[in-house]
Amino acid sequence: MMPVRNSLFLVGVTGGIGSGKSTVCRFLAEMGCALFEADRVAKELQCSDPEIIAGIRTLFGGDVYSVGAGGVLLLDRRRIACEVFSDSEKLLALNRLVHPKVYEAFHVAADRAVRQGNAVLVKEAAILFETGKTAELDLVVVVAAGRELRVQRAIDKGMGSREEILGRIAAQWPQEKLIENAGYVIYNEGTLDELHKETEKLYAFILQRASSCRNNV
Ligand SMILES: CC(C)(COP(=O)(O)OP(=O)(O)OC[C@H]1O[C@@H](n2cnc3c(N)ncnc32)[C@H](O)[C@@H]1O)[C@@H](O)C(=O)NCCC(=O)NCCS
Ligand SMILES: Nc1ncnc2c1ncn2[C@@H]1O[C@H](COP(=O)(O)OP(=O)(O)OP(=O)(O)O)[C@@H](O)[C@H]1O
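Below is a short write-up of the structure. Because the structure is a prediction, the values reported are computed rather than measured. (Residues numbered from 1 in each chain as written. Chains lettered and ligands numbered in written order. Predicted model: local features only at pLDDT ≥ 70, side-chain atom pairs only at ≥ 80, totals over all residues.)

### Details of the overall build of the protein
Then, number 1: If you tally the helices and strands in the protein, you get nine helices and seven strands.
Then, number 2: Relative to the compact-globule value of 17 Å for 217 residues, the protein shows a C-alpha radius of gyration of 18 Å, a close match.
Then, number 3: Dimensions of the protein along its principal axes, counting C-alpha atoms only, are 55 × 40 × 30 Å.
Then, number 4: Out of the 217 residues in the protein, the part that is buried amounts to 29%.
Then, number 5: Long-range contacts, defined here as pairs at least 24 residues apart, represent 78% of the contacts in the protein between residues at least 6 apart. (Helix = DSSP H or I, 4+ residues; strand = E, 2+ residues; numbered from the N terminus. Rg over C-alpha atoms; globule rule 2.2 N^0.38 Å. Buried ≥ 20, exposed ≤ 12 C-beta atoms within 10 Å, placed from the backbone. Contact = placed C-beta atoms within 7 Å.)

Next up, the structure:
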């Protein structure tokens, strides 16, 4: 895999379920950063990449897909979630199928960002340290919040029952471990306005780091 170009400052944003990472990334995009949403790309690939589709059929059964309006392939995500978040081997197999292709897509996005003259590309990923691909990132940001608050946000977002959400949390690195490995941490336990202000501080930090990196090239 080609290294990502020096002129582009790469920021990973991760955090446990319901931490607020998508919201931080949305704010960063509004502030001018290019955005690569690994979770969204993973979803798209699961319904478009022939190898991934075949692999998912083998792992979960052919009837896990159905055909929607206009012939679009639909994946029963709820059924997959029930299976993988109570069976770590199955989650590992799904991750092995999906993550390498998401990683390839990230490099395509990075090339595009360079061509378009972007200075900063933000990679939002629910699973980032776990994939072992953080060395190429210039900064890894962890968005954190108390476990109960995160569970409640995820329930309110319609992500399933408390038990299902706790199953997902059990499949992720503990928040303390994410924080230990982070280059920058945002604690998101206040209002959305406060989160926006924290994201502005993060953006200023990113611009300053990006400019000192460019000056050192
Ligand atoms: C299991 C699936 C089908 C559930 O789909 P669903 O639409 O319910 O959830 P979604 O993808 O929006 O993820 C929501 C949250 O679940 C948690 N989660 C998702 N994938 C994982 C994973 N591989 N390991 C641990 N937690 C995960 C994260 O907190 C994430 O923010 C889906 O998450 C999936 O295919 N995951 C494997 C691919 C993956 O790792 N995607 C994320 C990073 S590329
Ligand atoms: N500070 C906050 N105040 C109020 N609501 C918030 C705050 N931060 C996030 N939320 C809400 O909590 C929910 C989860 O936030 P978000 O989707 O950004 O988190 P996430 O880490 O990407 O979640 P997931 O892991 O579920 O994808 C969203 O509905 C969001 O609007």
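So, next bit.
### A look at the sheet that holds strand E5 (residues 120–124)
Then, number 1: What the five strands build is an open sheet, ordered E2-E5-E1-E6-E7; its pairing is parallel. Either end of the sheet is taken by a strand with one partner, and the two such strands are strand E2 (34–37) and strand E7 (184–187). When strand polarity is set aside, the average angle formed by the axes of neighbouring strands in this sheet is 20 degrees.
Then, number 2: In this structure, strand E1 (residues 9–14) lies alongside E5, joined through five bridges in parallel fashion. From the neighbouring strand, glycine 12 faces E5, where its bridge partner is lysine 123. (Pairing = 2+ DSSP bridges. Axes fitted to C-alpha atoms, helices over the stretch in contact; angles between N-to-C directions.)

### Quick word on the site of ligand 1
Then, number 1: By nearness alone, 19 residues border ligand 1, and Ile17, Ala42, Arg77, Ala81 and Ala126 come closest of all.
Then, number 2: Elements supplying a minimum of two residues to the shell around ligand 1: helix H2 (38–46), helix H4 (77–84) and helix H5 (88–115).
Then, number 3: Broken down by element, the residue count for the shell around ligand 1 peaks at five residues, all from H5. (Near = placed C-beta within 6 Å.)

### Focus on the site of ligand 2
Then, number 1: Contacts to ligand 2 come from 18 residues, most closely from Gly20, Lys21, Ser22, Thr23 and Arg153.
Then, number 2: Looking at the shell around ligand 2, the elements with two or more residues in it are helix H1 (21–31), helix H6 (147–156) and helix H9 (192–216).
Then, number 3: Top element by residues in the shell around ligand 2 is H1. It accounts for three residues.
Then, number 4: Tallied by class, residues from the shell around ligand 2 come to six nonpolar, nine polar and three charged. (Nonpolar A, V, L, I, M, F, W, Y, C, P; charged D, E, K, R; others polar.)

### Some words on the nonpolar core
Then, number 1: Ranked by internal contacts, the top residues of the largest apolar core, which has 44 residues, are Val11, Val24, Leu28, Val120, Leu121, Val122 and Val141.
Then, number 2: When contributions to this core are tallied by element, the ones reaching two or more residues are E1, H1, E2, H2, H5, E5, strand E6 (139–144) and H9.
Then, number 3: Element by element, the count of residues in this core is highest for H5, at eight residues.
Then, number 4: When neighbours within four sequence positions are excluded, valine 24 is seen to be in contact with Val13, Val143, Ile186, Leu195 and Thr199. (Core = buried A, V, L, I, M, F, W, Y, C linked by C-beta atoms within 7 Å.)

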